[in-house]
Amino acid sequence: MMTMKDWLKQIIPPVGNRATFDDVNPATLEVIATLPKHTAKDAEAAVVAAERCFHTWSETTAQQRAELLNKWGDKLVEHKEKLAEIMVLEQGKPLAEARAEVDYSLSFIRWFAAEGVRAEGRVIPSPKPELRLMTRKMPLGVVAVITPWNFPAAMITRKMAPALAAGCTVVAKPAEDTPLTALALVHLAKEAGIPADALHILTGDAKEIGPVLTGHPHIRGLSFTGSTPTGKRLLVECAATVKKCGMELGGNAPFIICEDADIDKAVSGLLAARFRNAGQACNAPNRILVHEKHIKRAMEILKEKVPGVRAGNGMDAASNIGPLINKPARDKYLAMLDDAKAKGASIVASGGSPEGTGHFAPAVLLSHVSTEMRVWKEEIFAPILGLVPFATDEQAIDLANATEAGLAAYLYTPSIPRAWKFAEHLETGMLGINASLISQACAPFGGVKCSGLGREGSHEGLDEFMETQYLAWGV
Ligand code: ADP
């Protein structure tokens, strides 16, 4: 059995004479690995190699690509434990969540292996007797993939699997905080027989690598998941070469508990989704709107439950949440709490958190949250929870929509007419109705407004990496 140390040696690329950076465990602040800071020149070389490979990869059949993707999937199954452990080490999430993320990552590989063979064109009834009209789907070409640190495995496979299935080749830059998971996944892809030049990982500085990925004329698409300000910037950079952009950006999800909701069910849905990954998810419930009739009871349940949300090292089975990803994330958490307290909120319950090293942040429940606070206006990305009361459905809809974000929303009500009314009026790409954990490989994930462009997963997720070519045949 190969040790983790030996495995890491295999997956970490050679440093050469490049500068390096450290991958640090956010729970212990220990250095896990030292990686090369790839340069703009490295990025250009990767694009050239990926482009060369595109010509052969795109000419394989969809079935051949599906077979290789499934072999890649088998490798994830085989190495699930090691992948989960790497994720805990560099990202901090509890091991159980990391294992679930490996399964979730695998689901994208399986889904797109199956979906790639259905990239069908169509025959269009022609208005002219002398013409026959049809379409075919073709891969974009070399695509760039830029991923965040919060779901370091799933965000890679959610993009790479459809890209490969479509016939594209990929140059990817994972987040600086979590490069090992991406390297491990691509190492397994190569072991599975996917050509070495079909997938490239660049590690290091976004400022150095980013401009090559957004500016290179041979890169035809960019699939990005990250913050809204970075996404807006990348869109501008991609404009010069008119790349097809898939943007999965920040959210500020409302979680609406209606007058007729089952309050126990709603609060348990809220707790599961709010504290998952220590709150570091773009679709996490952020603005909790509770009908005034339920506020007292909801606070009572939460006051009882939140102290049980223990922060700790993800390898410790007793930890419900891991640390935050880095110091800036913890500083932001503290600043948001200060802002809330200065504007009238108070901490009424708090989960445990270890002393000493690590970017730990205890789960907290705030009372008297108002719409003036940062915890309301901004994406929190930390384990902070507070409720805001509302009186009417219309008021809840107005409050929910009063943001530039429109990624996910959650609604608890047993009423079908009420659910329809909210679905039709909420400005959101995704709506969980009496459900708070909604992401699935087979369903379209994505936002409206400033939360992004395009969809990932589902058959829409394959289209992101394809163009439709229209053929008009004279007969
Ligand atoms: P966060 O603030 O959550 O780290 P970011 O949007 O900054 O979110 O990061 C998401 C991903 O985008 C990371 O891989 C990061 O390195 C990358 N990134 C950040 N800035 C740029 C940039 N200017 N060009 C290219 N990639 C970038």
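Small disclaimer: the values here were computed from a predicted structure and weren't measured.

S.K.: How would you sum up the state of the cysteines? Please name residues and give values.
M.R.: Per the stated rule, a full pass over the model turns up zero disulfides. C450 takes part in no disulfide bond, and the closest cysteine sulfur to it belongs to C282, at a distance of 15 Å.

S.K.: Go over the sheet that holds strand β4 (residues 131-139) with me, naming the residues and quoting the values.
M.R.: The antiparallel open sheet is built from three strands, whose spatial order is β3-β4-β18. Every interior strand has two partners, whereas the edge strands, β3 (123-124) and β18 (466-474), have only one.

S.K.: Please set out the site of the ligand residue by residue, giving values where relevant.
M.R.: The immediate surroundings of the ligand are formed by 16 residues, with T147, K173, E176, S227 and T230 found nearest. A distance of 2.7 Å separates an oxygen atom of the ligand from a polar backbone atom of T147. One nitrogen or oxygen atom from the side chain of S227 is found 2.7 Å from an oxygen atom belonging to the ligand. Breaking the shell around the ligand down by element, the ones donating at least two residues are α8 (206-215), β8 (219-225) and α9 (228-239). By residue number, the principal contributor to the shell around the ligand is α9, which donates three residues. The residue makeup of the shell around the ligand, split by class, is seven nonpolar, six polar and three charged.

S.K.: Kindly report on the confidence of the model for the protein, identifying the contributing residues and their values.
M.R.: Confidence in the prediction for the protein averages 97 pLDDT; 100% of positions are at 70 or higher. At the low end of the mean pLDDT range in the protein sits helix α1 (residues 4-11), at 92; at the high end sits strand β6 (residues 169-173), at 99.

Here is what the cut-offs are and how they apply
Residues numbered from 1 in each chain as written. Predicted model: local features only at pLDDT ≥ 70, side-chain atom pairs only at ≥ 80, totals over all residues. Heavy atoms only, no water. Disulfide = S-S within 2.5 Å. Pairing = 2+ DSSP bridges. Helix = DSSP H or I, 4+ residues; strand = E, 2+ residues; numbered from the N terminus. Near = heavy atom within 4 Å. Polar contact = N/O pair within 3.5 Å; in protein donor to acceptor, adjacent residues only side chain to side chain. Nonpolar A, V, L, I, M, F, W, Y, C, P; charged D, E, K, R; others polar. pLDDT = per-residue confidence, 0-100.

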